[in-house]
Amino acid sequence: MRCPLCHLLIALTLLCNVLLLYYTWHLNSRPAGRLSPSPALSPGITVIVREFRTFEHGLADLNHSFLRARPSLQILIASEAPPYPPVPRLHVVRLHPSPEQPGSAVRLESHIHTRLVALVPDGTSLDPSDLLDRMARALRDAPSGVRIVAAGAGGPLRCLHLNVSLRAWTAEYRAAVAGETCGAVGGPAVLLMRSRDLFDLPFPLSRPLRSAIFIQSALRGWGVKILEGAKFPRTPLPATDHGRWKDEQAERAEEAATMRALSVRLVRGPEGDRWYGCSKDTPRCFGTVVGETPEYLYEGRWTPPCCLRALRATMAHVIKTLEASNVRYWLEGGSLLGAARLQDIIPWDYDVDLGIYLEDVGLCPELRGAQGGSLIDSEGFVWERAVEGDFFRVQYSQSNHLHVDLWPFYPRDGVMTRDSWTGHPQDIEFPETFLRPLQTLPFAGVAAQAPNNHLELLKLKFGERSIEEPEYPNPAVLRMG
Ligand code: ZN
């Protein structure tokens, strides 16, 4: 057959078949569950109700109010467990995975298909019906740094400044000054934001919702705009005394869990300080220290404020006890350095060191008790002989092992010495003249005994520039900056 066109046609047909075959095979062989590009979001607003209690809520009324005003709204009830008894016609998103559901069921992206989301507390009604649209316009017209628009729910809002320091494990609120962009708002609020911003938060719906959102948004530098002259009507819920009591109990537990998840151990605000870190009844916040470098330093963080507080309390207690027994003691090592530098524990230090005269040990009942093993005093502090060497250790409590170390020295030919050493470069013998006489230095809120001429002693122990040039305890392992 001499027909070049026929050959060409046959070849083309074959090629088409091969391509079709490859395409079909490719479609079928895509691994299940592979991430597809996130679908485009449509205009509109999804209402998310996260702030409610399953035991006493107004979800049916809220649903009704919002849908009557805006029938096209999608309303999601977000909860660990669905309301019980069940409420008909609610779209409940379960935030905890359950074994029979696909993993995507707990992802917000699976449920939210609009560009904007409104976070609405229980008890709120939508009135007037264009209030959400006004918030959307305010967000659209806001400066680029503003990522959240807030409107009061049942009352006015306060514009707050919020500073979150991961290094210090703290969130600090204060009233914003005139002209300052809010970092958070005080009071029940409806929050409107872009869905993608909400998806970007690692804890998008942690409770208490507003403080969790604001701490995360503050870390991203997002501002909050209050929609002036606008307020959603709201009936506070739960309404019964018993319901409110249960609500407060639950909120306290949620707040503690969320703050720990967000690495916040202390929240300061106009209403006072709230602590979420270690206490006498818990273990301390970090594990055994290896190479003089506690784990949090590797994370770019300093000593959690709860731990510094417990160290200060232990130190004050130890000093009070030693002074009552006339035991001569003095600030040693990093604690003396902290006293010289900032009259406090160095913010990344993890213990307090005191030197004592070995011959004075017998004067103190607690130290005598510790010599034979360990002793728990009337305030719950644990006095014991350290297992690591020839020194004493006073722990904050039986469960919280934050501690003050007491190093017994004795004079030999005018030099203060010990029988065992830690091997740390600053742990060296020194002339007894530094202790004759002792002087008083302010340290961590108390008047503590310290060597005289302490700056000279510090140079001897840590080197010439140790006071002006702070460095982590073991620069060979981890340097500052
Ligand atoms: Zn702590």
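Just so you know, these numbers come straight off a predicted model, no measurement behind them. (Residues numbered from 1 in each chain as written. Predicted model: local features only at pLDDT ≥ 70, side-chain atom pairs only at ≥ 80, totals over all residues. Heavy atoms only, no water.)

Colleague: I keep staring at the overall build of the protein chain and nothing clicks. Help me out?
Modeller: Check the secondary structure of the protein chain and you find eleven helices and 22 strands. The C-alpha atoms of the protein chain give 32 Å as radius of gyration, which overshoots the globular expectation for 481 residues (23 Å, by more than 25%). Considering the protein chain as a whole, with its 481 residues, one finds that 46% of them fall into the buried category. Entry remark: accessible area of the protein chain is about 24300 Å², with carbon and sulfur atoms responsible for 55%. Seen as two clouds, the 51 positive and the 53 negative side-chain charges of the protein chain have centres 11 Å apart. (Helix = DSSP H or I, 4+ residues; strand = E, 2+ residues; numbered from the N terminus. Rg over C-alpha atoms; globule rule 2.2 N^0.38 Å. Buried < 20%, exposed > 50% of the residue type's maximum accessible area, 1.4 Å probe, protein only. Areas by Shrake-Rupley, 256 points an atom, 1.4 Å probe, with all protein chains shown as cover. Lys, Arg positive; Asp, Glu negative; His and termini not counted. Charge placed at Lys NZ, Arg CZ, Asp CG, Glu CD.)

Colleague: Explanation requested: the sheet that holds strand E5 (residues 146-153) in the structure shown.
Modeller: Strand pairing within a sheet occurs via backbone hydrogen bonds; the two strands may be parallel or antiparallel. One open sheet holds the seven strands; their spatial order is E3-E2-E1-E4-E9-E5-E10, and the pairing between them is mixed. The sheet is open, and its two edges are formed by strand E3 (91-94) and strand E10 (223-232), each paired on a single side. Sheet twist, expressed as the average angle between the axes of neighbouring strands with direction ignored, equals 30 degrees. Taken strand by strand, helix H2 (residues 59-69) contacts strand E1 (42-49), strand E2 (74-79) and E10, and its axis lies near 155 degrees from that of E2. (Pairing = 2+ DSSP bridges. Axes fitted to C-alpha atoms, helices over the stretch in contact; angles between N-to-C directions. Contact = heavy atoms within 4.5 Å.)

Colleague: Help me out: how do you make sense of the side chain of Asn452 in this one?
Modeller: Relative to the helices and strands, Asn452 resides in the loop between strand E22 (446-451) and helix H11 (454-462). Look past the residues within four positions of Asn452 in its chain and what remains in contact with it is Thr433, Phe434, Leu435, Arg436, Pro437 and Gln439.

Colleague: Got a minute to help me understand the environment of Val264 in this structure?
Modeller: By the secondary structure assignment, Val264 is in the loop between helix H6 (241-261) and strand E11 (266-269). A relative accessible area of 1% means that Val264 is categorised as buried. With sequence-adjacent residues up to four places away left out, Val264 is seen in contact with Trp169, Thr170, Ala171, Ile215, Met259 and Tyr276.

Colleague: Looking at this structure, I do not really get the coordination of the zinc ion. What am I missing?
Modeller: Tetrahedral coordination by four donors places them ideally at 109.5 degrees to one another around the metal; octahedral coordination by six donors ideally gives 90 or 180 degrees. Surrounding the zinc ion are the protein donor atoms Cys278 (SG), Cys285 (SG), Cys306 (SG) and Cys307 (SG), which sit 2.2 to 2.4 Å from the metal. Here the zinc ion binds four donor atoms, and the angle range of 91 to 122 degrees at the metal identifies the geometry as tetrahedral. Motif for the zinc ion, donor spacing along one chain: C-x6-C-x20-C-C. Taken together, the residues span a long stretch of sequence, with Cys278 in the loop between strand E12 (272-275) and helix H7 (295-298) and Cys307 in helix H8 (residues 305-324) at a distance of 29 residues. In this pair, the class of Cys278 matches that of Cys307, namely buried. (Donors = N, O, S within 2.8 Å, 3.2 Å for Na, K, Ca; no water. Tetrahedral: all angles 85-135°; square planar, octahedral: opposite > 155°, others 65-115°.)

Colleague: Please clarify how the pairing of E11 should be interpreted in this entry.
Modeller: Each regular strand displays side chains that alternate between the two surfaces of the sheet. Here three bridges tie strand E7 (residues 170-175) to E11, and the two strands are oriented parallel to one another. By the bridge assignment for E11, Ala171 is matched with Val267. Summarising the sheet, E11 and E12 pair through four bridges and their orientation is antiparallel. Of the residues in E12, the one forming a bridge with Arg268 is Asp273. A loop of two residues connects E11 with E12, the two strands running antiparallel in sequence.

Colleague: Help me out: how do you make sense of the sheet that holds E12 in this one?
Modeller: In spatial order, the strands read E8-E6-E7-E11-E12; together these five strands make up an open sheet with mixed pairing. This sheet does not close on itself; its edge strands, each paired only once, are strand E8 (184-186) and E12. Going across the sheet, the axis of each strand differs from the next one's by a mean of 25 degrees, ignoring polarity.

Colleague: Would you take a moment to explain the confidence of the model for the protein chain for this structure?
Modeller: Caution is warranted with low-pLDDT regions, since their predicted coordinates should not be read in detail. The predicted model of the protein chain has a mean per-residue pLDDT of 92, with 92% of residues at 70 or higher. Contacts of residues 27-36 to residues separated by more than four positions or lying in other chains number zero contacts, the stretch itself having pLDDT below 50. (pLDDT = per-residue confidence, 0-100.)

Colleague: Any chance you could explain the nonpolar core here in plain terms?
Modeller: For soluble globular proteins, nonpolar side chains are generally found buried alongside one another. With 60 residues, the main nonpolar core has Leu322, Leu354, Ile356, Leu367, Leu406 and Phe443 as its most contacted residues. If one sorts the elements of this core by residue count, H8 sits on top with nine residues. Other than its neighbours up to four places away in sequence, Leu322 contacts Val327, Tyr329, Leu354, Ile356, Cys364, Leu367 and Leu406. Listed in part, the 41 residues of the second largest apolar core include Leu108, Ile215, Trp222 and Val267. (Core = buried A, V, L, I, M, F, W, Y, C linked by side-chain atoms within 4.5 Å.)

Colleague: Looking at this structure, how should I read H8?
Modeller: When the terminal C-alpha atoms of H8 are compared, their 29 Å separation across 20 residues agrees well with the 28 Å that a helix rising 1.5 Å per residue should span. A positive phi of about 60 degrees marks Asn326, the residue just after H8. (Expected span 1.5 Å × (residues − 1).)

Colleague: Hey, could you run me through the packing of helix H9 (residues 333-342) against H11 in this one?
Modeller: Each pair of packed helices can be summarised by the angle the axes make with each other and by the distance between the axes. Contact pair H9 / H11: the axes reach a minimum separation of 10 Å and the direction vectors enclose 135 degrees. The pairing of H9 with H11 is recorded here as oblique in orientation. The handedness of the crossing between H9 and H11 comes out as left-handed. Counting all contacts with H9, which are made through Gly333, Gly334, Leu336, Leu337 and Ala340, the residues of H11 involved are His454, Leu455, Leu457, Leu458 and Phe462. (Parallel < 35°, antiparallel > 145°, perpendicular 65-115°, else oblique. Left-handed = near helix turned anticlockwise from the far one by under 90°.)

Colleague: Hey, could you run me through the pattern of salt bridges in this one?
Modeller: Pairs may arise between side chains of opposite charge once their charged atoms sit close together. Per the stated rule, a full pass over the model turns up 26 salt bridges. In this structure, the salt-bridge partner of Glu80 is Arg50, at a minimum N-O distance of 2.8 Å. With Glu80 in the loop between E2 and E3 and Arg50 in the loop between E1 and H2, this residue pair connects regions lying 30 residues apart in the sequence. Among the ionic pairs, Asp427 bridges to Arg418, the shortest N-O distance being 2.7 Å. The same class applies to Asp427 and to Arg418, which are both buried. (Salt bridge = Lys/Arg side-chain N within 4 Å of Asp/Glu carboxyl O.)

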